[in-house]
Amino acid sequence: MSNLAPCVNLSNGQKMPVVGLGTWQLQKNEAREAVKKAIDVGYRLIDTAYVYENEKEIGRAINEKIATGVIKREDLFVITKLDSRHHKPILVERACRESLLKLSLDYVDQYLIHFPVGEGFVDYMDTWKAMENLVNLGLAKGIGLSNFNAKQIDRILKNCRIRPVVNQVECHPGFNQKKLIEFCRQRNIVIVAYSPLGRPISAEKWPPYLYDETVQNVAKCHCKTPVQVCLNYLLHLGVIVIPKSVNPDRITENFRCFDFELNPDELKIMDDYHTGERLITFPGMCNHKFYPFHDEY
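This is a predicted model, so every value here is computed, not measured.

A. Structural context of the UniProt feature "active site" (unreviewed entry) in the chain. Following the UniProt record, the feature "active site" (unreviewed entry) maps to Y52 here. Within the secondary structure, Y52 is located in the loop between β4 (45-47) and α2 (55-67).

B. Quick peek at the layout of surface pockets. Size it by volume and the largest pocket reaches roughly 910 Å³. Looking at the largest pocket, it is lined by 37 residues, and the ones nearest its centre are W24, Q25, S195, R199 and K244. Elements that contribute at least two residues to the lining of the largest pocket include exactly α7 (208-211), α9 (226-236) and α10 (248-255). In terms of residue count, α10 provides more of the lining of the largest pocket than any other element does, three residues in total. Here the second largest pocket defines a volume of roughly 240 Å³. In terms of lining residues, the second largest pocket is bounded by 19 residues, among which P17, R44, E74, D75 and L76 are the most central. Considering only residue class, the lining of the second largest pocket consists of 13 nonpolar, one polar and five charged.

C. Structural context of the packing of α9 against helix α11 (residues 264-271). Orientation of α9 relative to α11, taken along the N-to-C sense of each, is 100°, at an axis distance of 11 Å. By the criterion of interaxial angle, the relationship of α9 to α11 is roughly perpendicular. Contacts between α9 and α11 pair V229, C230, Y233 and H236 from the former with L267, M270 and D271 from the latter. Class assignment of the residues belonging to the contact of α9 with α11 gives a composition of five nonpolar, one polar and one charged.

D. Representation of a nonpolar patch on the surface in the model. A cluster of nonpolar side chains, contributed by I201, W206 and L279, occupies part of the molecular surface with about 230 Å² of accessible area. Position of L279 among the secondary structure elements: in the segment after α11. For L279, a relative accessible area of 33% translates into the label partly exposed.

So, how was this worked out
- Residues numbered from 1 in each chain as written.
- Predicted model: local features only at pLDDT ≥ 70, side-chain atom pairs only at ≥ 80, totals over all residues.
- Heavy atoms only, no water.
- UniProt positions renumbered as here; feature names shortened; annotations may be inferred.
- Helix = DSSP H or I, 4+ residues; strand = E, 2+ residues; numbered from the N terminus.
- 1 Å grid on protein atoms, 1.4 Å probe; cavity = no way out; pocket = protein on both sides within 12 Å on 5 of 7 lines; lining within 4 Å.
- Points joined across faces, edges and corners; volume = space filled by probe spheres on them.
- Nonpolar A, V, L, I, M, F, W, Y, C, P; charged D, E, K, R; others polar.
- Axes fitted to C-alpha atoms, helices over the stretch in contact; angles between N-to-C directions.
- Parallel < 35°, antiparallel > 145°, perpendicular 65-115°, else oblique.
- Contact = heavy atoms within 4.5 Å.
- Patch = residues over 30% accessible without salt bridge, like charges linked within 9 Å, V, L, I, M, F, W, Y side chains within 5 Å.
- Areas by Shrake-Rupley, 256 points an atom, 1.4 Å probe, with all protein chains shown as cover.
- Salt bridge = Lys/Arg side-chain N within 4 Å of Asp/Glu carboxyl O.
- Buried < 20%, exposed > 50% of the residue type's maximum accessible area, 1.4 Å probe, protein only.

See below:
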């Protein structure tokens, strides 16, 4: 179907759509309605997590669409994540099965370690070995990481039996993650961008790459919006984007970001918004030995 987003090939053979729906902070019923709208628009990638507390409603939306024949289960790419409270190897399978029960699914397409910092001082390497077993059990088609830095990724790669296929991180024009993107590209790991629009505050016309006249002019040249230009820029960098919205019009707008191409001058304009400053730092975990953001990338 022409209205579907293109896919990238992951190292384990999976095909993953380049645009998906993020669901962080979406409350239960609004998450359900957002997912249903997204599927109708053409989204086939849905991202959630145990800690978001909306897996049950997302599962209801998915299964309603399957029941009505709009999609088949194999058409969707569903991601959820292991919470930091469940890093002990003995808890990993149980946590995954709990998420699957809430989602009313037999498997997820990806299961990620949400953050390298686990409750207590559980070593994420031990957690990863338990994650690998989920693939053998058929509970997850692929496994990956979220919020891991380069050193932590390399440590996983040197000690793993099954390689991580993605690393989901904060990524937007203000913090474009080019160094981490290239690092992961060389290791056949795809970056998935959360908060790809930088958490907009329309009353303050922030961030500037969504409101500056320069970007508005770029958008007009392509008959697009600044939001679509921002997302397209990230796609050009080689990342998958998972913008979040509950607004039906915005859900549609966010999705229509892959059918045009920015020229080199326009890409340079977007590059220049990079500040190197994170918006999301998880400050309560900064004293943990596995806190990932003391390193540059």
